[in-house]
Amino acid sequence: MTHDTADTAENPPRSGRTARTVLVAEGLGCAYHGKSVVSEVDLTVPAGQTVAVLGPSGAGKSTMLRCLAGLEQLASGSVDFQGELLSKAGTKPRSMGGRIGMVFQQFNLFPHLTAMENVALAPQRVLRTPRAQARTEALALLERVGLAEHAGHFPYELSGGQQQRVAIARALAMRPELMLFDEPTSALDPEFTREVLAVMRDLAASGMTVVVVTHEMAFARQSADRVVFMADGRIVEDGPAEKVFTAPQQDRTRRFFEQILGE
Ligand SMILES: Nc1ncnc2c1ncn2[C@@H]1O[C@H](COP(=O)(O)OP(=O)(O)O)[C@@H](O)[C@H]1O
Ligand SMILES: [Mg+2]
């Protein structure tokens, strides 16, 4: 599960190269109408790591994620993705296309397209993948998220959990190097949460680099390598998931767990 071990003589990288860093945010800040909502965020995400972002509502989690995706202009700082500048204060972020996959609380599938067409569309339009190949790959991805039998179904024929899994397959179809999730299970009935979390767990285990904002504490604890806790627009605590859960260093983190775990 953990892929963030430093490359050392005793622990050489498998590929023979140094471990890659996928994302680096430095001094990241974001403001709406002149009011700062995220500030001084420093975050480095190595390849293969799964980072769970936790924190109370209004903490700035979604905003930070949107900044990391290049969907918001920064008020301060910068974001590098795969060693290239993605975004810096005062300039419009560069488009990374599907290289950064994003899945939101609302699935936003195209209602007039089947599950398979939803997944196959962007590769054809953006990557110029031939139609037959895009459809074959879409089917394989739908199978991966447990929806092979639903390839021909329209969104209205699918449950929320199934729609969200189509949305995940759709993001994966663009061969992303980073997946960002913003509360992917928050809009789901509890019985459908588990199947979406199972897909996310597989994704994390497959070596994908993932940053996920979530309120699913068991998922964060078991499936994330690392937990980032945010409050009032800042990162308050950042450490290995198990350590943050069992021995949070900050009062603010401790209080959050007490509230949410109802102790
Ligand atoms: N588009 C927007 N315009 C103005 N204020 C916003 C916008 N989006 C979020 N905010 C404000 O920014 C703060 C952080 O919001 P958000 O990033 O959504 O937090 P979280 O995801 O942790 O709940 C909140 O005070 C919210 O009201
Ligand atoms: Mg949010």
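None of these values were measured; they are calculated from a predicted model.

Procedures and definitions
Residues numbered from 1 in each chain as written. Chains lettered and ligands numbered in written order. Predicted model: local features only at pLDDT ≥ 70, side-chain atom pairs only at ≥ 80, totals over all residues. Heavy atoms only, no water. Axes fitted to C-alpha atoms, helices over the stretch in contact; angles between N-to-C directions. Helix = DSSP H or I, 4+ residues; strand = E, 2+ residues; numbered from the N terminus. Parallel < 35°, antiparallel > 145°, perpendicular 65-115°, else oblique. Left-handed = near helix turned anticlockwise from the far one by under 90°. Contact = heavy atoms within 4.5 Å. Nonpolar A, V, L, I, M, F, W, Y, C, P; charged D, E, K, R; others polar. Near = heavy atom within 4 Å. Polar contact = N/O pair within 3.5 Å; in protein donor to acceptor, adjacent residues only side chain to side chain. Areas by Shrake-Rupley, 256 points an atom, 1.4 Å probe, with all protein chains shown as cover. 1 Å grid on protein atoms, 1.4 Å probe; cavity = no way out; pocket = protein on both sides within 12 Å on 5 of 7 lines; lining within 4 Å. Points joined across faces, edges and corners; volume = space filled by probe spheres on them. Pairing = 2+ DSSP bridges. Buried < 20%, exposed > 50% of the residue type's maximum accessible area, 1.4 Å probe, protein only.

## Observations regarding the packing of helix H4 (residues 160-172) against helix H5 (residues 190-205)
Now for step 1: One way to put it is that H4 packs onto H5 with a least axis distance of 8 Å and a crossing angle of 20°. Classified by the angle their axes make, H4 and H5 are roughly parallel. Regarding H4 and H5, the two cross each other, and that crossing is right-handed. Seen from H4, the contacting residues are Gly 161, Gln 162, Gln 164, Arg 165, Ile 168 and Leu 172; seen from H5, they are Phe 192, Glu 195, Val 196, Val 199 and Leu 203.
Now for step 2: Considered class by class, the residues forming the contact of H4 with H5 number six nonpolar, three polar and two charged.

## Some points on the site of ligand 1
Now for step 1: Around ligand 1 sit Tyr 32, Val 37, Pro 56, Ser 57, Gly 58, Ala 59, Gly 60, Lys 61, Ser 62 and Thr 63, and that is every residue in its neighbourhood.
Now for step 2: Within the backbone of Gly 60, one N or O atom sits 3.0 Å away from an oxygen atom of ligand 1.
Now for step 3: At 2.5 Å, a side-chain N or O of Thr 63 approaches an oxygen atom of ligand 1.
Now for step 4: Against a free-state accessible area of 560 Å², the protein chains account for coverage of 60% of ligand 1.
Now for step 5: No other element matches helix H1 (residues 61-68), which puts three residues into the shell around ligand 1.
Now for step 6: Per-class residue counts for the shell around ligand 1 are four nonpolar, five polar and one charged.

## A word on empty space enclosed by the protein
Now for step 1: Counting across every chain of the model gives one cavity of 30 Å³ or more.
Now for step 2: Taken as a whole, the largest cavity encloses approximately 30 Å³ of empty space.
Now for step 3: Lining the largest cavity are Arg 144, Val 145, Leu 172, Val 199, Asp 202 and Leu 203.
Now for step 4: With three residues, the top contributor of residues to the lining of the largest cavity is H5.
Now for step 5: Considering only residue class, the lining of the largest cavity consists of four nonpolar, no polar and two charged.

## Brief notes about the sheet that holds strand E8 (residues 210-213)
Now for step 1: Taken in spatial order, the six strands of this open sheet run E6-E7-E8-E3-E9-E10, and their pairing is mixed. Either end of the sheet is taken by a strand with one partner, and the two such strands are strand E6 (100-103) and strand E10 (234-240). Taken pair by pair, the neighbouring strands of this sheet meet at an average axis angle of 15°, ignoring direction.
Now for step 2: Judged from the four bridges that link them, E6 and strand E7 (residues 178-182) form a sheet pairing that is parallel. Of the residues in E7, the one forming a bridge with Val 103 is Phe 181.
Now for step 3: Together, strand E3 (50-54), E6, E7, E8 and strand E9 (226-231) form the strand contacts of H1, whose direction differs from that of E7 by roughly 155°.
Now for step 4: Here helix H8 (residues 251-260) sits on the sheet and contacts E3, E9 and E10; the angle it forms with E9, its principal contact strand, is near 95°.

## Brief notes about the side chain of Ser 39
Now for step 1: Relative to the assigned elements, Ser 39 resides in strand E2 (residues 35-46).
Now for step 2: Accessibility expressed as a relative area gives 14% for Ser 39, which makes it buried.

Nothing here speaks to function; it is all geometry.
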